[in-house]
Amino acid sequence: MCKVLLVFLACLNLLVAADVSLKDTQIWNEQRVLNINSYENFGALWTKLQGEYIASAVFIILILVISIFALHYMVIGPKKFSHDGKKIYAFSTFERLFHFVAAISWIILVPTGLVMIFGSYFGGGFFVRMCKNLHGIATILFIISVIPMLLCWIKRMLPASYDLRWMMIVGGYLSKEKRPVPAGKFNFGQKSWYYIAVFGGFIMITTGAFMFFLDFNSTSLQTIFGISHIDILRISAIVHNILGILCAVFFAIHIYMAVFAIKGSIHSMINGYKEEEEVYILHSYWYKELSDKKQINPSYIYDSETKI
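Residues numbered from 1 in each chain as written. Predicted model: local features only at pLDDT ≥ 70, side-chain atom pairs only at ≥ 80, totals over all residues. Heavy atoms only, no water.

A. Local environment of the pattern of salt bridges. Tallied over the full model, the rule gives eight salt bridges. With a shortest N-O distance of 3.0 Å, Arg156 and Glu289 are connected by a salt bridge. A residue pair is termed long-range when its members are at least 10 positions apart, and Arg156 in the loop between helix H4 (125-153) and helix H5 (163-168) and Glu289 in helix H10 (residues 284-292) qualify at 133 residues. The residue Asp292 makes a salt bridge to Lys288 at a minimum N-O spacing of 3.4 Å. Here Asp292 and its partner Lys288 are both found in helix H10, four residues apart, which amounts to about one turn of the helix. By relative accessible area, Asp292 is classed as exposed at 52%. Through salt bridges with shared partners, a single network forms among Arg156, Glu289 and Lys293. (Salt bridge = Lys/Arg side-chain N within 4 Å of Asp/Glu carboxyl O. Helix = DSSP H or I, 4+ residues; strand = E, 2+ residues; numbered from the N terminus. Buried < 20%, exposed > 50% of the residue type's maximum accessible area, 1.4 Å probe, protein only.)

B. Expanded view of the nonpolar core. Membership of the largest hydrophobic core comes to 48 residues, with the highest contact counts inside it found for Ile88, Trp106, Met149, Trp153, Tyr194 and Leu282. Secondary structure elements with two or more residues in this core: helix H2 (26-75), helix H3 (93-117), H4, helix H6 (188-212), helix H8 (229-261), helix H9 (276-282) and H10. Here this core gets eight residues from one element, more than from any other, and that element is H8. Setting aside residues up to four positions removed in sequence, Trp153 forms contacts with Phe91, Glu95, Phe98, His99, Pro148, Phe186, Tyr194 and Met269. Ala55, Val58, Phe118 and Ile238 belong to the second-largest nonpolar core, a separate cluster that totals seven residues. (Core = buried A, V, L, I, M, F, W, Y, C linked by side-chain atoms within 4.5 Å. Contact = heavy atoms within 4.5 Å.)

C. Broad picture of the side chain of Lys274. Relative to the assigned elements, Lys274 resides in strand S2 (residues 273-275). Polar contacts involving the side chain of Lys274 include one to the side chain of Glu278, which spans 3.2 Å. Excluding its chain neighbours within four sequence positions, the residues that come into contact with Lys274 are Lys86, Lys87, Ile88, Ala90, Phe91, Ser265, Ser268, Val279 and His283. (Polar contact = N/O pair within 3.5 Å; in protein donor to acceptor, adjacent residues only side chain to side chain.)

D. The arrangement of a nonpolar patch on the surface in detail. A cluster of nonpolar side chains, namely Tyr121, Phe122, Phe126, Phe127, Met130, Leu134 and Ile137, defines an oily patch on the protein surface of about 750 Å² accessible area. Exposure remark for Phe126: the relative accessible area of 60% places this residue in the exposed category. (Patch = residues over 30% accessible without salt bridge, like charges linked within 9 Å, V, L, I, M, F, W, Y side chains within 5 Å. Areas by Shrake-Rupley, 256 points an atom, 1.4 Å probe, with all protein chains shown as cover.)

Below you can see the structure in the form of structure tokens.
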């Protein structure tokens, strides 16, 4: 009996000694405790968003967007323009090339991102890990395309006074009537997608890199923002997921408009040319600009008193 008691006391003494040594370590005092305290802030927000809201929001938004597309197609229908008339050269080979690379990257990024959000429903494992790796590879493609996209199109994407009028009539897409719409080479909808994809894309690249390389050196960020490494990862995931949902919605809209809502519109990113009637109706300010600069011989003439 005495021997058993002595063994118990010895074990207890070792546990106490181990506890003291743990509390003297940097991990326990400076990292673990800080992380536990911060759980009340970003940790709780992260858990609530990921556990209760993100997946549900994605599912609801996707169903809503698909329903709106179906309703628009059945009630309003696609806009159709003559393909027998003149063509207007809209996009150079270089523009079409980096747009193609960006399109491929988004075709991979969106579904693989959704798989990762719903990873638990897929049972985790090899399939989800494969999607994670594909997501990383597609990010490299996006990085390759986003720089020329920024430099080549930023001037045309700057806000213009007529963008507000475009927004008020939703670009004329809620009407079956074909009347000139106030828009330049890129309309307000395309500009919105551009800013979300390019500038939001830079944020997503950064936050995605943080999550992909989990153990990166974040000492400077911790010092600047006064938060722990785990909170940097939590904030990155929250921002990345919210922007990801927004990008997925705009990407779906972009595809619907190019493939279904405007018949033949996607051809401009294949051969570089838009139909003259399409430009006259949907990009009337650009059409007027090309006419005034004698860069085209217009088939449609504006009255100088007519307001677009």
